[in-house]
Amino acid sequence: ESDLIPDVTLQVEGEKFYVNRKQLALQSPYFRALFFGSGIESTKRQVCIKGVDLQHFQVLMEHSRTSRLALSRENVQGILETADFLQLERARLLCCKFLERQLHITNCLGMMAYAWRLGCNQLYKAARQVALSHFPALLAEEEFLSLPKEAVADLLASDDLAIANDDLALEATLRWVSVHPERGEHLLELAGLVRPESLSVSFITQLLTRMKSSEPRAELIRTLNHGFPASWSAGQPRRATRARESLFVLGGPHDQEQQWLYQFHPLSGRWQRCAPLQRKNLTQYSVAAVGDSVVVTGGYFRDVLWFSVDWVKIYECQTRRWVDGPALQKSRHSHCSVGLDSALYVLGGSTDEGLVADVERLVVGSDEGWRGVSPMVRAVERAASAALGPCLYVACGLDENGEVFSGIQRYRARQDRWDVVSVSPIPRYDLVATELNGALFLFGGQALRLDLETEEWTLLEENSLDGKFFSGCTTVGGQMYLLSESKGNQGRPNMVLVDPYIDTCVEVDDAIPCPVPLRGCVTVRIYCKIYFSI
C-alpha cells in the first residue's frame, strides 16, 4: 500500500496530478528516466510536462491507476499519440488494438500510413492485410492514388494480393502513375512487379487497342510496349505466382461408401469436385490443412461395434489423390487437429477409455512419424481450434465430467508449453474457430472476437448469427466462411460469408455441392513456380 502513496506532482496545462513515482516508472521508460534518471526532474517534488493534451493525459493517468482505458473513436488517436510520447506501452497497445477493430476498407490505407508514422507494427500489418485482401475495391479510392511509390510497390509485390490475375495489378500501376507526370519515372519499376504470366490475353488485347487512343494512359501503354521491364525478359525465372487460397470441404453420410471432397475457389466462386475419401462407417474424425495437403485423422468407426481408430489419410492437392499417412500413436475421435508450418498437431479428444489430454505431432512429408509433445492443461473433446502465429489455441469443449470448459488453452510450439490464456464470456462446446488478422474468432450461438495480446473479448453485432451453430469455419483471402448451419440433428448445405471490413454477413450459397453432414473445412494455400518466356 505504501508503494502507491503519491510522492510527486505532475502538472499539465495548469492541472495537477498526484502520482507515485515507482508505479509510473514500472509502466513507462519515459517516467523511469524522468524520476530516476540523472536529470534535474528526478530531484523535484513537482514536475511540469509539456507537449501533451490535458484530457488525453487525464485518461492515461486514470489507466495507470486502475488499468481501465476509456477509448472512443473520437479520442483514441489523441490518446495513442500521448501514450506514444509518454512511452506507456500497455496503453499504446490497447489503443492499437482498438484501432485494429475499427479497420475497414474505407480507412485501411490511411491507417497504414498512420501506423507507419507511429511505428505501430502490428496495426500497420493488420491494415496492410486488409488492403491486400480487398485490393480491387481500393483502386478507385483517392487514398490509393495518394500513396507514396514505396507503399504501392509493397502492395504490388506481395504474394498475398487478392486478385484473380495480374490485369488489375497493371491497371493499378497505370492509374497511379497517370496522376502526376513526375511519376512516369516509376512506371517500369512498378510494372516490373506485375507477374506477366498472369496477364489475360483479353486484357493485353485491350491494352493494344487503348495504346492507339487518346486516353490519358495511352502514352504510358506505348512506353511499356516499346520497352518491357527487365523482369519480363524472355527466359527469366519468375517468383512464385501470387498465392491462391482455396477452401476444401469434406462431408457426407457415414454409411455411404465414400466421403465427398470439394474445392471452392473464392475469386471465381467456382466449386470443383475432388477425389473422394474412400471410407465407409467413419465419423467424428478431424480435418486439418498442412502445406498443400488436407489431412484426416482418427475418427469413430463401426464394424460390428463402434470404436476409435488411429487412421490417417492425406489428400495431396498437387497430385489430387489420397495417400495413407502414418498411424496415430493413440486412437481417438472428437478431437482437434491443426496445421502449424509443416507440422500437424492432433489434440485431445476421446479414446475408447475416455477423454485424453495427449497431443501428437507429425512433420508431414518426413519419415519421423508421430511423436508426443506436452499434453493440454485440460482434456477436452468437441472443442474448437486454430493456429495464430507460432501458437495453437483450443477453445472451450467438454471436459471429463461432460461439462463445458470455459478456458482458451494455448500451446507455444517453440517452448513446448501449454497454458490457459483467457476464459470465454460465453463458454460452449461444438464451436468453430478461425483466425483473421491476428485475432481469434469463435462462432456458435454468438460470434466472438478475442484479441490475444490484450485479452479483450468483443461480441460481433451480427444478429443473423445469433443462436446459430455451424459445422465448419475457415478464413480464405481475408474473409471468414461459415459452412453448414446446424438445424437440430440436421445440417443445411449453406455457406455464410463474414467480412467485418466491408460490413458483410451474408449467405453466399444455399446449396453447396458437398453432401451433409459436413465433417470439416480448411484453407489450403498453393503456390506455383512459373518460368516466363516470350
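Residues numbered from 1 in each chain as written. Predicted model: local features only at pLDDT ≥ 70, side-chain atom pairs only at ≥ 80, totals over all residues. Heavy atoms only, no water.

*Asks:* Help me understand the overall build of the chain in this model?
*Replies:* Counting its regular elements, the chain contains 14 helices and 33 strands. Expressed as lengths along the three principal axes of its C-alpha atoms, the size of the chain is roughly 85 × 75 × 45 Å. Of all 534 residues assigned to the chain, the portion counted as buried reaches 52%. The long-range fraction of contacts in the chain, counting pairs at least 24 apart against all pairs at least 6 apart in sequence, stands at 55%. As displayed, the chain offers around 24500 Å² of accessible surface, 48% of which is attributable to carbon and sulfur atoms. Of the charged side chains in the chain, 55 are positive and 65 negative; the average position of the first set lies 2 Å away from that of the second. (Helix = DSSP H or I, 4+ residues; strand = E, 2+ residues; numbered from the N terminus. Buried < 20%, exposed > 50% of the residue type's maximum accessible area, 1.4 Å probe, protein only. Contact = heavy atoms within 4.5 Å. Areas by Shrake-Rupley, 256 points an atom, 1.4 Å probe, with all protein chains shown as cover. Lys, Arg positive; Asp, Glu negative; His and termini not counted. Charge placed at Lys NZ, Arg CZ, Asp CG, Glu CD.)

*Asks:* Help me understand the nonpolar core in this model?
*Replies:* In a soluble, globular protein the nonpolar side chains are often hidden away together inside. In this structure, Leu10, Phe31 and Phe57 are the most contacted members of the largest nonpolar core, which totals 95 residues. Sequence-distant contacts of phenylalanine 31, defined by excluding residues within four places in its chain, comprise Leu10, Leu24, Ala25, Phe36, Ile49, Phe57, Met61, Leu86 and Leu88. By size, the runner-up hydrophobic cluster in this structure holds 19 residues, among which are Leu261, Leu282, Cys317 and Ile526. (Core = buried A, V, L, I, M, F, W, Y, C linked by side-chain atoms within 4.5 Å.)

*Asks:* Would you mind showing me how to read empty space enclosed by the protein here?
*Replies:* Where empty space is left in the structure can be found by rolling a water-sized probe over the atoms. Enumeration over the complete set of coordinates arrives at 2 cavities of 30 Å³ or more. Its boundaries defined by the atoms lining it, the largest cavity holds a volume of some 50 Å³. Those elements that place two or more of their residues in the lining of the largest cavity are strand E25 (439-444) and strand E26 (446-451). For the lining of the largest cavity, the per-class residue count stands at 4 nonpolar, 3 polar and 1 charged. By volume, the second largest cavity amounts to about 40 Å³. Along its surface, the second largest cavity is lined by Leu277, Arg279, Leu282, Val296, Gly298, Trp311, Val312 and Lys313. A per-class count over the lining of the second largest cavity returns 5 nonpolar, 1 polar and 2 charged. (1 Å grid on protein atoms, 1.4 Å probe; cavity = no way out; pocket = protein on both sides within 12 Å on 5 of 7 lines; lining within 4 Å. Points joined across faces, edges and corners; volume = space filled by probe spheres on them. Nonpolar A, V, L, I, M, F, W, Y, C, P; charged D, E, K, R; others polar.)

*Asks:* What is the right way to look at the environment of glutamine 122 in this model?
*Replies:* Its location among the elements puts glutamine 122 in helix H7 (residues 121-133). Look at glutamine 122 and you get partly exposed, because its relative accessible area is 30%. Residues contacting glutamine 122, with those up to four places away along its chain left out, are Lys97, Glu100, Asn437 and Glu453.

*Asks:* I tried to follow unusual backbone geometry on my own but got confused; where do I start?
*Replies:* Peptide bonds are, in most cases, trans, and in most cases residues other than glycine have a negative phi. Residues valine 516 and proline 517 are joined by a peptide bond in cis, for which omega reads 5°. Relative to the assigned elements, proline 517 resides in the loop between strand E32 (504-509) and strand E33 (518-526). Positive phi values are uncommon outside glycine, yet arginine 382 reaches one of about 55°. Summarising the element assignment, arginine 382 is placed in the loop between strand E19 (371-373) and strand E20 (384-388). On the accessibility criterion, arginine 382 (36% relative accessible area) is partly exposed. Here the phi dihedral of serine 484 falls at roughly 60°; this positive angle occurs in a residue that is not glycine. Along the polypeptide, serine 484 turns up in strand E29 (residues 479-487). A relative accessible area of 0% places serine 484 in the buried class.

*Asks:* Please clarify how the pattern of salt bridges should be interpreted in this entry.
*Replies:* Proximity of charged atoms lets side chains of opposite charge pair with each other. On inspection of all chains with the given rule, the structure shows 30 salt bridges. One salt bridge in this structure joins lysine 313 and aspartate 324, with 2.8 Å as the shortest N-O distance. One end of the pair, lysine 313, is in strand E12 (residues 312-316); the other, aspartate 324, is in strand E13 (residues 321-324), and 11 residues separate them in sequence. Across the pair arginine 492 and glutamate 485 runs a salt bridge whose closest N-O atoms are separated by 3.1 Å. Linked by salt bridges that have partners in common, Arg101, Arg449, Asp451 and Glu456 make up one network. (Salt bridge = Lys/Arg side-chain N within 4 Å of Asp/Glu carboxyl O.)

*Asks:* Sorry if this is basic, but what is going on with helix H5 (residues 89-101) here?
*Replies:* Count 3.6 residues to each turn of an α-helix, and residues three or four apart come out pointing the same way. End to end, H5 covers 19 Å across 13 residues, agreeing with the expected 18 Å (1.5 Å per residue, within 8%). Buried within H5 are the following residues: Ala91, Arg92, Leu94, Cys95, Cys96, Lys97, Phe98, Leu99 and Glu100. Looking at the buried side of H5, the elements it contacts are helix H3 (54-66), helix H4 (76-86), helix H6 (108-118), H7, E26 and strand E27 (456-459). (Expected span 1.5 Å × (residues − 1).)

*Asks:* In this structure, what is going on with the sheet that holds strand E5 (residues 260-265)? I would like to understand it.
*Replies:* The strands that make up a sheet pair up through hydrogen bonds in the backbone, lying either parallel or antiparallel. Read across the sheet, 4 strands follow the order E6-E5-E4-E33 without closing on themselves; strand pairing throughout is antiparallel. Lying at the two open borders of the sheet, with one neighbouring strand each, are strand E6 (270-273) and E33. Averaged over all neighbouring strand pairs, the angle between strand axes comes to 25°, with direction disregarded. For strand E4 (residues 244-251) and E5, the ladder comprises 5 bridges, and the chain directions are antiparallel. Note on E5: the bridge partner recorded for valine 249 is tyrosine 262. (Pairing = 2+ DSSP bridges. Axes fitted to C-alpha atoms, helices over the stretch in contact; angles between N-to-C directions.)

*Asks:* It is not clear to me how the layout of surface pockets should be interpreted in this structure. Could you clarify?
*Replies:* Taken as a whole, the second largest pocket encloses approximately 560 Å³ of empty space. Lining the second largest pocket we find 17 residues, and of these Arg101, Thr458, Leu460, Glu461 and Pro500 sit closest to its centre. Broken down by secondary-structure element, the contributors of at least two residues to the lining of the second largest pocket are H5 and E27. Looking at side-chain class alone, the lining of the second largest pocket contains 8 nonpolar, 3 polar and 6 charged residues. Looking at the lining of the second largest pocket, you find at least three residues from each of domain 1 (8-102) and domain 3 (244-526). (Domains from an automatic or database assignment.)

*Asks:* How should the pairing of strand E1 (residues 8-12) be read in this particular structure?
*Replies:* For a regular strand, side-chain orientation follows a simple rule: the groups alternate between the two sheet faces. Counted residue by residue, E1 has 4 buried out of 5 residues, so it is predominantly covered. Sheet analysis places E1 next to strand E2 (residues 15-19), joined by 5 bridges and oriented antiparallel. Bridged to threonine 9 within E2 is tyrosine 18. Taking the residues between adjacent antiparallel strands as the criterion, E1 and E2 are bridged by 2 residues, where glutamate 13 takes a positive phi near 50°. As judged from the 3 bridges shared by E1 and strand E3 (residues 46-48), these two strands associate in the parallel manner.

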